[in-house]
Amino acid sequence: MRFVDTHAHLYLDKFNEDIDEVVMRARQFGVERIFLPNIDLDSIVGLKKLCTEYPGFFYGMMGLHPCDVKSDYHDVLTIMRAELNSGQYVAVGEIGIDLYWDKTTLDIQKEAFRIQCEWAKEMDLPVAIHARESFDEIFEVLDSVNDDSLKGVFHCFTGNEEQVKRVMGFGGFMFGIGGVITYPKSDLALVLKSVPLEMIVLETDAPFLSPQPFRSKRNESSYLKFVAEKLASVYNLTIEEIGEATTENSMRLFNRANRN
C-alpha cells in the first residue's frame, strides 16, 4: 500500500521526543511522503530541520496561518516571501481565513490570504487553504483572484454540498480529508458522495483531529489508515485502491515535489 499525508505539523513540540518512531510507523503503514504546512515565523526552523533530516520524505510549504495574522503581517510576509524565493518549498500554506478564534482580524486575514494566493499564481505553486467558519469569506477572496493558474487544496474540508459545488466551480482545487470523516456525528461521508475520487487527498493535520478510535489523543501520520478505511466504504473500493488513487492525486497537486 502507498499513501501520502498531505497536511501534518510533525515539527511541533508534541513530536520532539519520538519523531523517529512516528516516521517509522508511518513508513510501516505505507506513507511515502508527508507535506508540512508552515504556521508562523517560529515554525520555520523546525519545519526545515525535518525536511533536511528526512530528504524525499518530508516536504515543506511556506505561508502564514490565518490565526497568526497580526498587525505586523506585512513584515512577516516579507520574510516568508524570501523563504519561498529559495525554491525549497512545494506549496504556499497554511493560509486562509479563520473566524472561530478571532473575528476582529477579518480584514487583514483576507488581505494576507489574497497576497499569498497571488504569490502562488506567480510561482506556480498550489495553496493549502484553512477555512474555519469562513467559507463565504474564502469564496469572496477566491472570486477576486481565481484563474486557471490557481490550484490547491481545501485543508480539513468539512463543508456541505453547496460548498462542495462552490469549490468545484473554481476548477483547480482538491478536498483534503482527515480524521473528521470518522466521527460518528459527521455527515462528511454523505457529502463526499458528490465528489469524484480524483479530487480527494488524504491528510491527518497531526497532532490535531485524530480519527476514531484515537480521538482526543495525539494524531500522527500512520493514522491515515482509519481515514482511508472510511473513504473505502464511501467509494466502495479497497483501502489499497484509495491509497493508490489519493497518492496519485497528491502527486498531481504537489508536482514540484516530483522534481525534488
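Each chain carries its own residue numbering, running from 1 in the direction its sequence is written. In keeping with the predicted nature of the model, local features appear solely for residues at pLDDT of at least 70, side-chain atom pairs appear and are counted solely at 80 or more, and the whole-chain, interface and lining totals rest on all residues. The basis for every side-chain value is the complete set of non-hydrogen atoms in the structure, without hydrogens or water.

(A) How the structure looks around unusual backbone geometry. Residues Gly-93 and Glu-94 are joined by a peptide bond in cis, for which omega reads 10 degrees. Elements are defined by DSSP. Helices are runs of H or I of four residues or more, strands are runs of E of two residues or more, and each kind is numbered from the N terminus. If you trace the backbone, Glu-94 turns up in strand S4 (residues 92–98). With an omega dihedral of 10 degrees, the bond running from Gln-212 to Pro-213 counts as a cis peptide bond. In this fold, Pro-213 is placed in the loop between strand S8 (200–202) and helix H8 (224–235). A positive phi angle is found at Asn-236, which is not glycine, with a value near 55 degrees. Along the chain, the position of Asn-236 falls in the loop between H8 and helix H9 (239–253).

(B) Up close: the packing of aromatic side chains. Here is the rule: rings of Phe, Tyr and Trp (six-membered ring for Trp) pair when centre to centre is within 6.5 Å. Planes less than 30 degrees apart are stacked, more than 60 are edge-to-face, and the remainder are tilted. The tally for this structure, following the rule as stated, stands at 18 aromatic pairs. Here the aromatic rings of Phe-135 and Phe-157 are separated by 5.6 Å at their centres, their planes lie at 70 degrees, and the arrangement is edge-to-face. Taken together, the residues Phe-135 in helix H5 (residues 135–145) and Phe-157 in the loop between strand S6 (152–155) and helix H6 (161–170) connect sequence positions 22 residues apart. Exposure remark for Phe-157: the relative accessible area of 2% places this residue in the buried category. In this structure an aromatic cluster arises from ring pairing among Phe-135, Phe-139, Phe-154, Phe-157, Phe-170, Phe-173 and Phe-175. Any residue under 20% of the maximum accessible area for its type is buried, any over 50% is exposed, and the rest in between are partly exposed; the area is computed with a 1.4 Å probe on protein chains only.

(C) Structural view of the sheet that holds strand S2 (residues 31–36). With respect to topology, 3 strands assemble into an open sheet ordered S1-S2-S3, the strand pairing being parallel. Two strands bound the open sheet, and with one partner strand each, they are strand S1 (3–5) and strand S3 (58–60). If you compare each strand with its neighbour and ignore which way they point, the axes differ by 20 degrees on average. Examined bridge by bridge, S1 and S2 share 3 bridges and lie parallel to one another. Bridging across to S2, Asp-5 finds its partner in Ile-34. Across the sheet, helix H2 (residues 43–53) touches S2 and S3, and the angle it forms with S3 is around 140 degrees. By definition in these notes, contact holds between two residues if any of their heavy atoms fall within 4.5 Å. A fitted line through C-alpha atoms represents every axis, and for helices the fit uses only the stretch in contact; the resulting angles, taken between N-to-C directions, go from 0 to 180 degrees. In the packing of H9 onto the sheet, the strands contacted are S1 and S2, and the crossing angle to S1 comes to about 55 degrees. Strand pairing follows a simple DSSP-based rule, namely that at least 2 bridges must link the two strands.

(D) View of the sheet that holds strand S7 (residues 173–177). Strand order in this open sheet of 5 strands is S4-S5-S6-S7-S8, and the pairing throughout is parallel. Across the chains shown, the open sheet's two edge strands, defined by having one partner strand only, are S4 and S8. The mean angle between the axes of side-by-side strands here comes to 30 degrees, regardless of whether they run parallel or antiparallel. Note that S6 and S7 share 3 bridges and pair parallel. Looking at the pairing, Val-153 lines up with Met-174 of S7.

(E) Structural view of H5. Taken as a whole, H5 has its buried residues at Phe-135, Ile-138, Phe-139, Val-141, Leu-142 and Val-145. What you see down the axis of H5 is that its buried residues fit within an arc of 165 degrees, all on one side. For H5, exposure combined with an orientation more than 90 degrees from the buried face picks out Asp-136, Asp-143 and Ser-144. Of the surrounding secondary structure, the elements contacted by the buried residues of H5 are S4, helix H4 (106–123), strand S5 (127–132), S6, H6 and S7. Our arc is simply the arc of the directions from the helix axis toward the C-beta atoms.

(F) Layout of the packing of H5 against H6. Axis separation between H5 and H6 bottoms out at 11 Å; the angle between their running directions is 20 degrees. Considering the angle they form, H5 stands roughly parallel to H6. Seen from above, H5 lies across H6 with left-handed handedness. Counted together, Phe-135, Phe-139, Leu-142 and Asp-143 of H5 and Gln-163, Arg-166, Val-167 and Phe-170 of H6 form the full contact between these two elements. Looking at side-chain class alone, the contact of H5 with H6 contains 5 nonpolar, 1 polar and 2 charged residues. Note that the term roughly parallel is reserved for angles under 35 degrees, roughly antiparallel for angles over 145, roughly perpendicular for angles of 65 to 115, and oblique for everything else. Crossings are classed by handedness, with left-handed meaning an anticlockwise turn of the near helix from the far one by less than a right angle and right-handed meaning a clockwise turn. As a working rule, the residues Ala, Val, Leu, Ile, Met, Phe, Trp, Tyr, Cys and Pro are called nonpolar, Asp, Glu, Lys and Arg charged, and the rest polar, with Gly in that last group.

(G) Local environment of the pattern of salt bridges. Any Lys or Arg side-chain nitrogen found within 4 Å of a carboxyl oxygen on Asp or Glu counts as a salt bridge. Evaluated as defined, the whole model comprises 16 salt bridges. Arg-2 is paired through a salt bridge with Glu-248; the nearest N and O atoms lie 3.0 Å apart. Highlighted residues: Arg-2 in the segment before S1 and Glu-248 in helix H9, separated in sequence by 246 residues. With a relative accessible area of 36%, Glu-248 lands in the partly exposed category. Across the pair Lys-48 and Glu-83 runs a salt bridge, and its minimum N-O distance is 3.4 Å. Here the residue Lys-48 occupies a position in helix H2, and Glu-83 occupies one in helix H3 (residues 73–85), the gap between them amounting to 35 residues. The exposure class of Lys-48 is partly exposed, given its relative accessible area of 27%. Sharing partners across several salt bridges, the network here consists of Arg-2, Glu-32, Glu-244 and Glu-248.

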